[in-house]
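# Summary of structural features
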Amino acid sequence: MTDKHPIRILSGIQPSGVLHIGNYFGMMRPAIALQSEGEAFYFIADYHALTSVRDPTTLCENIHRVALDFLACGLDPERGALFRQSDVPQVTELAWILSTVAPMGLLERSHSYKDKLARGVPPSVGLFNYPVLMAADILIYDSDIVPVGKDQKQHIEITRDLAVKMNEAFGQVFKLPEPRIQAATEVVPGIDGQKMSKSYGNNIDIFGDEKETRKRVMSIVTDSTPVEAPKDLSRSTIFQLYSLFGSNNEIVQMREKFQEGGTGYGDFKKQLFEKLWEYFSPMRKRREEILADKSYIDNVLAHGAKRANEVADRVMQRVRAAVGLR
Ligand code: TYM
């Protein structure tokens, strides 16, 4: 049987580049808010990032930077554990065990795998097996809730399928995790209106420098409605992004201005930039403070790894016993 423990919340983020506001609103902000609801385990998915990052120095820098940015955004290492995925190498053992019950067809239907192939990414076995490792990440901590953006929904469904297959084959080994997806922020659009993604190059970074951030905001794609005409709210990336940052009052005001006409997209973009810049200002300050303490991040990660290993060891003992590896 699975362990009894407070609600366990788990999520991961790949250190495959700089974090953007899609990561922030889709996962980081909800994950930070959930820290007060149970025991939070958040990790930096460096094994997963190996499917795309091939330079060791870049990978090390990215890992450090994701930890820094997540902490600066409000992750509290006293409440939750922040750790590197690879500091719990038992997940690779569990991924192997899960792969023995994972149907090929299930993985072949993975949207993210098909999307990567369509973009010309060479299909390595690791890329194909990506959802199995992700299932291991989730199941090895007996996770209850997994806060993610919508693009990860199918991966959580695969996780549940694999847990059911294991339970059918070996008895009650795993509990079934639930995704937690915020409807309002499930897909944050990038500057071209598609889902914001590092790999699409349409990202606005959380901690980009001021000039670059302004440039990115000013280059949000719009239609050619003239200044004086009313503008379509429903398809406006500017309005969607502004809705993430503005107060209710401010959002209502922008809505009215869109509907009235008389304000150009350039003005709306400036308002969006000002809000965005102000929103992340306290986090930029916190980031500087963390940076000043050279050993802080390493200590946080070491402490997080210790907590994560304790749980993973217990669960792996259960799994090994269930399948007959004693
Ligand atoms: P990753 O690193 O691509 O993204 C991290 C989180 O950010 C969310 N996200 C978005 N949400 C809304 N709008 C967007 N434009 C947007 N872009 C990214 C993602 O949904 C995700 O929640 N496979 C995972 C990492 C992972 C993981 C796990 C997550 C590995 N193991 C176990 C949860 C549980 C990934 O690549 O996320």
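Residues numbered from 1 in each chain as written. Predicted model: local features only at pLDDT ≥ 70, side-chain atom pairs only at ≥ 80, totals over all residues. Heavy atoms only, no water.

### Remarks on the site of the ligand
In the region of the ligand, 29 residues are neighbours, and Gln14, Tyr130, Asp137, Asp151 and Val188 sit closest. Contact between the ligand and Met196: a nitrogen atom at 2.9 Å from a main-chain N or O atom of the residue. Protein chains shield 96% of the accessible area of the ligand, which is 720 Å² for the free molecule. Of all elements in the fold, only strand E1 (8-13), helix H1 (21-34) and helix H7 (125-139) reach the threshold of two or more residues within the shell around the ligand. A class-by-class count of the residues in the shell around the ligand yields 13 nonpolar, 11 polar and five charged. (Near = heavy atom within 4 Å. Polar contact = N/O pair within 3.5 Å; in protein donor to acceptor, adjacent residues only side chain to side chain. Areas by Shrake-Rupley, 256 points an atom, 1.4 Å probe, with all protein chains shown as cover. Helix = DSSP H or I, 4+ residues; strand = E, 2+ residues; numbered from the N terminus. Nonpolar A, V, L, I, M, F, W, Y, C, P; charged D, E, K, R; others polar.)

### Re the domain arrangement of the protein chain
Along its sequence, the protein chain is carved into domain 1 (8-187 + 294-323) and domain 2 (208-279). Once you take the C-alpha centre of each, domain 1 and domain 2 turn out to be 34 Å apart. At the junction of the two partners, domain 1 supplies six residues and domain 2 supplies five residues. Summed over both partners, the interface of domain 1 with domain 2 comes to about 440 Å²; 71% of that surface belongs to carbon and sulfur atoms. Linking domain 1 with domain 2 are zero salt bridges. Run the count over domain 1 and domain 2 and you get one residue pair in polar contact (both at pLDDT 80 or more). The class makeup of the residues in the side of domain 1 that touches domain 2 is four nonpolar, one polar and one charged. (Domains from an automatic or database assignment. Contact = heavy atoms within 4.5 Å. Buried area = accessible area lost by both parts, 1.4 Å probe. Salt bridge = Lys/Arg side-chain N within 4 Å of Asp/Glu carboxyl O.)

### Some points on the nonpolar core
The biggest cluster of nonpolar side chains holds 58 residues, and the ones touching the most others in it are Ile21, Met28, Tyr42, Phe70, Leu82 and Ile206. Here this core gathers at least three residues from each of two domains, domain 1 (8-187 + 294-323) and domain 2 (208-279). Other than its neighbours up to four places away in sequence, Tyr42 contacts Ile9, Leu10, Ser11, Ala31, Leu34, Gln35, Phe70, Leu75, Ala81, Leu82, Phe83 and Pro147. Judged by nonpolar contacts, the second largest core, of 45 residues, contains Phe83, Val101, Leu133 and Ile158. (Core = buried A, V, L, I, M, F, W, Y, C linked by side-chain atoms within 4.5 Å. Buried < 20%, exposed > 50% of the residue type's maximum accessible area, 1.4 Å probe, protein only.)

### Structural notes on the packing of helix H3 (residues 56-72) against helix H14 (residues 296-323)
Interhelical geometry of H3 versus H14 gives an angle of 90° and a closest axis separation of 10 Å. Classified by the angle between their axes, H3 and H14 sit roughly perpendicular to one another. Contact residues: H3 offers His64, Ala67, Leu68 and Leu71, while H14 offers Tyr296, Ile297, Val300 and Leu301. Looking at the contact of H3 with H14 residue by residue, the class counts come to seven nonpolar, one polar and no charged. (Axes fitted to C-alpha atoms, helices over the stretch in contact; angles between N-to-C directions. Parallel < 35°, antiparallel > 145°, perpendicular 65-115°, else oblique.)

### A closer look at the side chain of Asp46
Relative to the helices and strands, Asp46 is located in helix H2 (residues 46-49). Buried within the structure, Asp46 lacks any salt-bridge partner; its nearest side chain of opposite charge belongs to Arg84, at an N-O separation of 4.9 Å. If we skip the residues at most four places from it in the chain, Asp46 touches Pro15, Leu59, Ile63, Arg84, Gln85 and Ser86. (Lys, Arg positive; Asp, Glu negative; His and termini not counted.)

### Quick word on the environment of Val18
Position of Val18 relative to the elements: it lies in the loop between E1 and H1. Sequence spacing of Val18 and Lys198 is 180 residues, and the spatial spacing of their C-alpha atoms is 7.6 Å. Discounting chain neighbours no more than four positions away, the residues touching Val18 are Arg65, Lys198 and Asp205.

### A short note on the pattern of salt bridges
Applying the stated rule across the entire model yields 22 salt bridges. Between Arg307 and Glu39 there is a salt bridge whose closest N-O contact spans 3.3 Å. Taken together, the residues span a long stretch of sequence, with Arg307 in helix H14 and Glu39 in strand E2 (residues 39-44) at a distance of 268 residues. A relative accessible area of 19% means that Arg307 is categorised as buried. The salt bridge involving Arg65 is made with Asp69; its shortest N-O contact spans 3.9 Å. A residue pair is termed a helical-turn pair when its members lie 3 or 4 positions apart in one helix, as Arg65 and Asp69 do in helix H3 at four residues. For Arg65, a relative accessible area of 28% gives the class partly exposed.

### Describing the packing of aromatic side chains
A complete count under the given rule lists 18 aromatic pairs for this structure. Both rings, one in Tyr24 and one in Tyr279, keep their centres 5.9 Å apart while their planes meet at 80°; by these two values the pair is edge-to-face. With Tyr24 in helix H1 and Tyr279 in helix H12 (residues 265-279), this pair connects stretches of sequence that are 255 residues apart. A ring pair is formed by Tyr279 and Phe280, whose centres lie 5.0 Å apart and whose planes are at 80°; its orientation type is edge-to-face. Taking the relative accessible area as the measure of exposure, Phe280 reaches 0% and is therefore buried. In this structure an aromatic cluster arises from ring pairing among Tyr24, Phe25, Phe245, Tyr279 and Phe280. The ring centre of Tyr265 lies 5.7 Å from the NZ or CZ of Lys231, which sits over that ring. Across the ring face of Trp277, the terminal group of Arg284 is positioned such that the distance to the ring centre comes to 3.6 Å. (Phe/Tyr/Trp six-rings, centres within 6.5 Å; stacked < 30°, edge-to-face > 60°. Lys NZ or Arg CZ within 6 Å of the ring centre and 35° of its normal.)

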